[in-house]
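A structural walkthrough
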Amino acid sequence: MKVSGLEKGANYVVLILFAFIVLGPIGVILSLAFGPQSASVGREGRIFHWENFPDAWEIGRFGQYMTTSVTVAAIVVVVAVSASILAGYALGTMKFRFATPLFYIFLLGIMVPTEAIIVPLYFDLRTVGLTNTVWGVAFPQIAMSIAFGTYWMRTYFRTTNRAMIEAARLDGAGSFRILWQILVPIGRPAILTLVLLTFMWTWNEFLVPLVMSPNGDVRTAPLGLAFFQGQYTQGTALLAAGAVLVALPVVVLYVFLQRHFIKGMIEGAVRE
Amino acid sequence: MADPVTSSTGRSASRRSGRLAKPWLPWAYLAPAIVLYGLFMLFPLGRAAQYSFFEWDGLGASEFVGFDNYVALVQDEQLREAFGHALVLIFFYAVLPLCVGLVLAAILTRAQVRGLGFFRTVIFLPQVIAMVVVAVTWRQIYAPDGPLNGFLRMVGLESWTRPWLGDYTFTLPAVGLIGSWVSLGLVTVLLMAGMSRVPRELYEAARIDGAGAFREFFAITLPSVRGEITVALTLTIVAALKTFDLIYVTTSGGPGTSTTVPSYEVYRRAFQLGEVGAATAVGIALTLIVFAINFVVNQIGDKK
């Protein structure tokens, strides 16, 4: 659409202004993370203090916390995405009784706030000895991810080409072969989006690992950061470096695969 | 899983009868999801409803108290306050970003300026950063000797400086603005996607009729993105109601009780005060409110 040069100029000003509003706080944390740890170090006159990152890794034990986070995220992504693909396949391509009510029950889980289930989860998993274990932290997040994942995969399977499935069936392919050799390979973009979103939600989750591991055995990276903020009060450089380390894995993925993140979060939100 | 031959004959049989020949087949695919989802989502949800009718300290014997925990939601001063704070957060998470996002998306869609793709990536970024990291960052910004007060001193507004997270009046809005900062990207990107789908001819026609930018916005743009507004409001209101990490890391509900929210009360009551029944009642109430908001916002959004 044609607009005047003046309006175009004004739009650039707005664009840059809001980019600054968003990037400002990120700039603050980065400048703190690269800043000197103390005034005496600051007098050395270097601009980038890279040593903050290995120091935070050691002193803040981020190495340990990140390992825990990777383990939990790997379990949640593999189990939740697999279960979601299988369930979405059934709900999206097969006709059977209770298919619709079942779909709504899964949809319900997308809306249930973690706060509602976390209290009984803690006490019941404590009874069966799952608190302070990786599985105690992973299982509740698997269930939450399955709610969205099943909805997401069902949407994908409903858009797949019926004729192609029918042709494969006439060639004698069983339902699992059709899923595994035809639909999953074609559906790689949809599955990748689900993997990325599940990874992000699990990596960033706070309440579940906080409650499920009261003794701190299974402390994920965001929890380690919150804990570090309370413990480590000498200066802010290491805290900021730790914050950057915790945010980095998801941000790097976002920079390279941002289309998947935006598409997933926007389309995933638009229910039918 | 299934034998290829029997499954293909099964399917042709199913087309005649209109049902699957192997009625268990979909359930076999659904089994892992149903088991995991049932055990760790539906079961605890039912348990939460059950707990909410008891008084229990998490260790000893529990006592049935009927609806007392729900009555407390209305009568308990601190819980009422927490829900009031949630309303304030809804303004900052949902209403404010929606107003700004609408204007922002409208002017950016109107003139296809360059660098829009890059801008979209940047403004969406806060959505993917862990809330704890966001909270740690803003705590530094709001610190008494932090960049915000530094900026105010620099521009000669010395009298406006204050400990932003230690002030009874300003802490809740200060925390709310962090929520606005996070929500803005999601809302704007959603609205931009909706506005880019509005047919260009509508605007051309409006131009010929002599409509200005404001008329265009209210007559064409706003009605066209009704669906996106609905989605944006649902997502951000629910996010506001579920605020936990942000409060936990920035203020822990303080100073005093000036920033407690329902989610934080669930955690505090269950795991710090030993009021498990009361905590689950807050959790169930929160769930019902989230369902109600989804329902109401979608009803309004679907009209017309």
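Preceding this section is the structure that the text describes.
1. A closer look at the overall build of chain B
Along its length, chain B carries 14 helices and 2 strands. For chain B, the spread of C-alpha atoms along the principal axes amounts to about 80 × 70 × 35 Å. Going through the 304 residues of chain B one by one, you find that 42% of them count as buried. Of the contacts formed within chain B by residues at least 6 apart in sequence, a portion of 71% connects residues at least 24 apart.

2. So, the environment of B:Gly212
Residue position: B:Gly212 is located in the loop between helix H9 (200-208) and helix H10 (213-224). For B:Gly212, a count of 9 C-beta atoms within 10 Å gives the class exposed.

3. Focus: the interface of chain B and chain A
In this complex, chain B contributes 82 residues to the contact, which on the side of chain A involves 79 residues. Looking at which element gives the most residues to the side of chain B that touches chain A, the answer is helix H2 (residues 25-51) of chain B, with 15 residues. Looking at the side of chain B that touches chain A residue by residue, the class counts come to 61 nonpolar, 14 polar and 7 charged.

4. What to know about the environment of A:Arg188
For A:Arg188, the location among the structural elements is in helix H10 (residues 188-204). Put simply, A:Arg188 and A:Glu44 are 144 residues apart on the chain and 51 Å apart in space, counted from C-alpha to C-alpha.

5. Structural notes on the nonpolar core
Grouped together as the largest cluster of nonpolar side chains are 169 residues, with contacts concentrated most on A:Ala243, B:Val132 and B:Val133. In contact with B:Val132, not counting residues within four places along its chain, are A:Phe206, A:Pro222, A:Leu225, A:Ala226, A:Val246, B:Asp245 and B:Val249.

6. Comments concerning the packing of helix H11 (residues 226-241) of chain B against helix H14 (residues 276-302) of chain B
All names here are of chain B. Running from N to C, H11 and H14 cross one another at 170°; their axes reach a closest spacing of 9 Å. Judged by the angle between their axes, H11 and H14 are roughly antiparallel. Remark: the crossing between H11 and H14 carries right-handed chirality. In contact with Arg226, Gly227, Thr230, Leu233, Thr234, Ile237, Val238 and Leu241 of H11, H14 contributes Leu286, Ile289, Val290, Ile293, Asn294, Val297, Asn298 and Gly301. Looking at side-chain class alone, the contact of H11 with H14 contains 9 nonpolar, 6 polar and 1 charged residues.

7. Thoughts on H11(B)
Residues and elements named next belong to chain B. With 16 residues, H11 should cover 22 Å at 1.5 Å per step; its first-to-last C-alpha distance of 23 Å lies within 8% of that length. Burial of H11 is extensive: 12 of the 16 residues sit out of reach of the surface. Restricting attention to buried positions, one finds in H11 the residues Glu228, Ile229, Val231, Ala232, Leu233, Thr234, Leu235, Thr236, Ile237, Val238, Ala240 and Leu241. Residues of H11 that are buried sit in contact with helix H4 (77-110), helix H8 (171-196), helix H13 (262-271) and H14.

8. Thoughts on the packing of helix H13 (residues 237-267) of chain A against H8(B)
At a closest axis distance of 11 Å, the pairing of H13(A) and H8(B) adopts a crossing angle of 80°. Between H13(A) and H8(B), the crossing angle belongs to the class labelled roughly perpendicular. Where H13(A) abuts H8(B), its residues A:Ile262, A:Met265 and A:Ile266 lie against B:Leu186, B:Val189, B:Leu190 and B:Ala193. Residue classes in the contact of H13(A) with H8(B) are distributed as 7 nonpolar, no polar and no charged.

How each quantity is defined
Residues numbered from 1 in each chain as written. Chains lettered and ligands numbered in written order. Predicted model: local features only at pLDDT ≥ 70, side-chain atom pairs only at ≥ 80, totals over all residues. Helix = DSSP H or I, 4+ residues; strand = E, 2+ residues; numbered from the N terminus. Buried ≥ 20, exposed ≤ 12 C-beta atoms within 10 Å, placed from the backbone. Contact = placed C-beta atoms within 7 Å. Nonpolar A, V, L, I, M, F, W, Y, C, P; charged D, E, K, R; others polar. Core = buried A, V, L, I, M, F, W, Y, C linked by C-beta atoms within 7 Å. Axes fitted to C-alpha atoms, helices over the stretch in contact; angles between N-to-C directions. Parallel < 35°, antiparallel > 145°, perpendicular 65-115°, else oblique. Left-handed = near helix turned anticlockwise from the far one by under 90°. Expected span 1.5 Å × (residues − 1).

This is a description of form; function is not addressed.
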